[in-house]
Amino acid sequence: NIDLFVTRTEWISEMALNGGAVAKKLGNLGVIGVDYVSIDYGQLIGTQVASNTKGYIETGDVDVGAFAVGFGYARQFTDKYHLGAHIKYASQHLGSNILRPDGEEIENRVSGVAYDIGTIFYPGFKSFRLGMSIRDFSPQFKYEETAFQLPLTFRIGFAMNVLDLVGGIPNNSLLISVDALHPRDYTERVHVGGEYSFGNLIALRAGYKTNYDEEGLSLGFGVNYEIAGIALRIDYAYTDFGVFNSVNRFTVGGSF
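Here the residue numbers are simple positions, counted from 1 along each chain's written sequence. Local features in this predicted model are restricted to residues whose pLDDT is 70 or higher, and side-chain atom pairs enter the listing and the counts only when it is 80 or higher, whereas totals over whole chains, interfaces and linings include all residues. Based on all heavy atoms of the structure, the side-chain values leave hydrogens and waters out of the count.

### Quick notes on the overall build of the protein chain
Heads up, the rule is: Here a strand is any run of E in DSSP of at least two residues, a helix any run of H or I of at least four, and the numbering for each starts at the N terminus. Throughout, a residue-residue contact means that at least one pair of heavy atoms, one from each residue, lies within 4.5 Å. Residue exposure ignores everything except the shown protein chains as possible cover, and the areas themselves are Shrake-Rupley values with a 1.4 Å probe. Under the counting rule used here, the positive set is Lys and Arg, the negative set is Asp and Glu, and His together with the chain ends is not counted. To locate a charge, the coordinates of NZ of Lys, CZ of Arg, CG of Asp or CD of Glu are taken.
The helix and strand tally for the protein chain stands at zero helices and 18 strands. The C-alpha extent of the protein chain, read off along each of the three principal axes, is 75 × 45 × 35 Å. Sequence-distant contacts in the protein chain: of pairs separated by 6 or more residues, those separated by 24 or more amount to 39%. With the model as given, the accessible surface of the protein chain reaches about 16200 Å², and the carbon-plus-sulfur share is 61%. Each charge sign in the protein chain was given a centre, from 20 positive and 28 negative side chains, and these centres are 9 Å apart.

Printed below as a string of structure tokens:
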């Protein structure tokens, strides 16, 4: 009926992402949801060219940040076909700077609307399904002189509980998924993942990304627990980030 979660990602270089979402089922009309994500870039100290021994002076902390808030709708049209769409308002602020020689102060802020759309199709073979999505379709955003577009990404993939091939095991599943991504600003990437779920209580997960400079292996687990009619979920994931520190993700959610 209602599902919600909050999540935090301890990203590299002391950055962090925070997010959350809530979805409501509308019977045969489908599902609606709202979501929010923001990034904390950590402490950044501004500098300005100066004629001292260092060649610069510090101008204090720089106010930087970004967030996006969105609204989504999805519906199961048949037992084989699902379709969803999402619209979001995104904004980024990268502090301010003073233009020379007139000394005008410019706020480096940009915002706009972007769209996502996705579909899932079950062809009828066991639990096998195909998925496809287009994310971050948007007009150009523009700072003072530089225009850019969000990282439009096309994704296609498939997933299946491979235990279905041996007749299935009650309350257990071994989900295998493969996604191929084509970002606007990079060559193709492939993600492979697996999740073993035992008794609908504990899930063990592993994944691997190809064609990334540093990212590769991910490991994680999830725990489900039902109390007083509320299904609670706790998830954790670890990602190896090469020369950077590892990335940790924490999520808490519930279904009512």
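More follows now that the structure is in view.
### Quick look at the side chain of asparagine 161
Quick reminder of the rule: Each residue's exposure class comes from its accessible area (1.4 Å probe, protein chains only) as a fraction of the maximum for that residue type: buried when under 20%, exposed when over 50%, partly exposed otherwise. Pairing of N or O atoms within 3.5 Å defines a polar contact, subject to two protein rules: one partner must be a possible hydrogen donor and the other a possible acceptor, and residues neighboring in sequence count only if both atoms are side-chain atoms.
By secondary structure assignment, the location of asparagine 161 is in strand 12 (residues 153-161). Residue asparagine 161 is classed as buried on the basis of its relative accessible area of 13%. A distance of 2.9 Å separates the side chain of asparagine 161 from the backbone nitrogen of leucine 174, its partner in a polar contact. Leave out the neighbours within four places in its chain, and asparagine 161 touches Ser127, Arg129, Asn172, Ser173, Leu174 and Leu175.

### A few points about the environment of tyrosine 238
Note on placement: tyrosine 238 falls in strand 17 (residues 230-239). Taking the relative accessible area as the measure of exposure, tyrosine 238 reaches 30% and is therefore partly exposed. Put simply, tyrosine 238 and threonine 9 are 229 residues apart on the chain and 9.9 Å apart in space, counted from C-alpha to C-alpha. In this structure, tyrosine 238 is in contact with Leu217, Ser218, Leu219, Ser246, Val247 and Asn248, ignoring residues within four places of it in sequence.

### What to know about the side chain of threonine 119
As for its placement among the helices and strands, threonine 119 is situated in strand 8 (residues 104-121). Residue class for threonine 119 comes out buried when judged on its relative accessible area of 17%. Within the local environment of threonine 119, its side chain forms a polar contact with the backbone oxygen of histidine 82, the two atoms lying 2.8 Å apart. Not counting the four nearest positions on each side in its chain, threonine 119 is found in contact with Tyr81, His82, Leu83, Leu130, Gly131 and Met132.

### Description of a negative patch on the surface
Here is the rule: Exposure above 30% relative accessible area and the absence of a salt bridge qualify a residue for a patch, where like charges join within 9 Å and nonpolar side chains (Val, Leu, Ile, Met, Phe, Trp, Tyr) within 5 Å. The term salt bridge refers to a pairing of a side-chain nitrogen on Lys or Arg with a carboxyl oxygen on Asp or Glu at a separation within 4 Å.
A surface patch of like charges, here negative, comprises Asp102, Glu104, Glu144 and Glu145. Assessed through its relative accessible area of 42%, glutamate 104 is described here as partly exposed.

### As for unusual backbone geometry
One non-glycine residue, glutamate 14, lies in the positive phi region at around 65°. Summarising the element assignment, glutamate 14 is placed in the loop between strand 1 (2-10) and strand 2 (16-25). The class for glutamate 14 is exposed, based on a relative accessible area of 70%. Residues other than glycine seldom take positive phi values, yet asparagine 171 does so here, at roughly 60°. Of note, asparagine 171 is situated in the loop between strand 12 and strand 13 (172-183). Taking the relative accessible area as the measure of exposure, asparagine 171 reaches 52% and is therefore exposed.

None of this, on its own, says anything about what the molecule does.
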